[in-house]
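Notes for the structure review
For reference, the chains in residue letters:
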Amino acid sequence: MNIFKKKKKKKAKEDDKQIVRIEELEKLLEEEGEDVDLEKIVSMYIPRRKSRRFGAALLRLDKMYLWLLAMLLIVSVLFIVAFMQEKMGNFTINLNRLELYRKGIAIADDGDFNNPTARLTASIVQDATNITLEDLPEDLDEIDGGHNGKNYMAYTYYVRNAGKEDVSYTASITLDSSAKGAEDAVRVAVWRNGKRTIYAEPAADGSAEEGCENFAERDVVCRYLEDEFLVGNVDKYTVVIWMEGEDPDCVDKIVGGSVEFSMRIDADTDDDTSLLMKFIRDIRDALTGNKPISAAGTEAPDYYYNGELTWKNRRNQ
């Protein structure tokens, strides 16, 4: 008990030494007058901390600094991942999952629909130079999936309705990004069920480039409306992109430029039914065995009553 009291008194004395008395300050002012060192006065008002307290404070500061660095690193990684996802290819195809995919509409890079999905991505073309339409192969619409050439991007895919009901959809190609004016010399050729159309930015006077149709808008290449996409129908698209060497805007200043496009397939009509009602409807279909939709939403439903639906046995031949 006495030892404890002694320790408390010793601690009190140590703390008392750290307190600057008013008398000490007055005595200092009387002795040195106007020549008093202000820094000395300030230092007298700063309690003399023990080294371990300073160390603890610095340690806490280091921990905060490390936490900030860690958070900054996480944000940077997320940004890089997002950037890579956006730039992984110069052409992507996206199908509306909520309004189309869950109803049995799917896309695939082969006519047999071995891997139906809601998203396809074409591989990027590196260091492409300008070419002309005559340089392109004649069988571009006869090869499935990605079949890029040295100076052009080519991708063929299919859309099928193996669902429960007839639908309508719009397929639109958009210019997502460009650099150094490359978009002014680009060409986008689209084969839709065998019929080809070539699109380009308008000429300087606003007219269409030779053999081309103008972009629908500055950043929209084209739109296709399929208002009777019946159950059993399959549509085929081939998209080819290149820099047209005969275009007046294909000049040295666009060297090193780039373009990135995407194609999106959306429902033509909006379903105002709430997500809750759709969920309840899916549960009801599952309980009654009425061709239920996968709860995970990762499998393409196939409700076609004539077996597997492919490009060869499609209804709209």
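Just above sits the structure.
Note that this is a predicted model, so its numbers are computed, not measured.

Right, let's get into the pattern of salt bridges. Using the criterion set out here, one finds nine salt bridges in the structure. Between Lys103 and Glu165 there is a salt bridge whose closest N-O contact spans 4.0 Å. Of this pair, Lys103 sits in the loop between β1 (91-95) and β2 (105-108) while Glu165 is found in the loop between β5 (152-161) and β6 (167-179), placing the two residues 62 residues apart along the sequence. With relative accessibility at 41%, the residue Glu165 sits in the partly exposed group. Taken together, the shared-partner salt bridges connect Glu183, Asp184, Glu201 and Arg218 into one network.

Below, the discussion takes up the packing of aromatic side chains. According to the stated counting rule, one finds five aromatic pairs in the structure shown. Ring plane angle 80° and centroid distance 5.0 Å describe the contact between Tyr169 and Phe229, whose orientation is recorded as edge-to-face. One end of the pair, Tyr169, is in strand β6; the other, Phe229, is in strand β10 (residues 220-229), and 60 residues separate them in sequence. Put simply, the rings of Phe113, Tyr158 and Trp311 touch in pairs and so form one group of aromatic residues. A cation sits over an aromatic face here: Arg97 above Tyr101, 5.3 Å from the ring centre. A cation over an aromatic ring shows up here: Arg314 above the ring of Trp311, its NZ or CZ 3.6 Å from the ring centre.

The element β1 is largely enclosed, with a buried count of five among its five residues. Every second residue of β1 is oriented toward a common face, with Phe91, Ile93 and Leu95 on one face and Thr92 and Asn94 on the other, all of them buried. Here β1 pairs with strand β3 (residues 119-122) via four bridges, running antiparallel. By the bridge assignment, Asn94 is partnered in β3 with Arg119. Here five bridges tie β1 to strand β12 (residues 258-267), and the two strands are oriented parallel to one another. When the bridges of β12 are listed, Phe91 appears paired with Phe261.

Here we come to the nonpolar core. Residues Phe91, Tyr157, Ile173, Phe261 and Ile265 are the most contacted members of the largest nonpolar core, which totals 44 residues. In contact with Tyr157, not counting residues within four places along its chain, are Ile93, Ile107, Ala108, Asp109, Leu120, Asp235, Lys236, Tyr237, Met263 and Ile265. Listed in part, the 12 residues of the second largest apolar core include Leu140, Tyr152, Ala154 and Ala189.

Calculation notes
Residues numbered from 1 in each chain as written. Predicted model: local features only at pLDDT ≥ 70, side-chain atom pairs only at ≥ 80, totals over all residues. Heavy atoms only, no water. Salt bridge = Lys/Arg side-chain N within 4 Å of Asp/Glu carboxyl O. Helix = DSSP H or I, 4+ residues; strand = E, 2+ residues; numbered from the N terminus. Buried < 20%, exposed > 50% of the residue type's maximum accessible area, 1.4 Å probe, protein only. Phe/Tyr/Trp six-rings, centres within 6.5 Å; stacked < 30°, edge-to-face > 60°. Lys NZ or Arg CZ within 6 Å of the ring centre and 35° of its normal. Pairing = 2+ DSSP bridges. Core = buried A, V, L, I, M, F, W, Y, C linked by side-chain atoms within 4.5 Å. Contact = heavy atoms within 4.5 Å.

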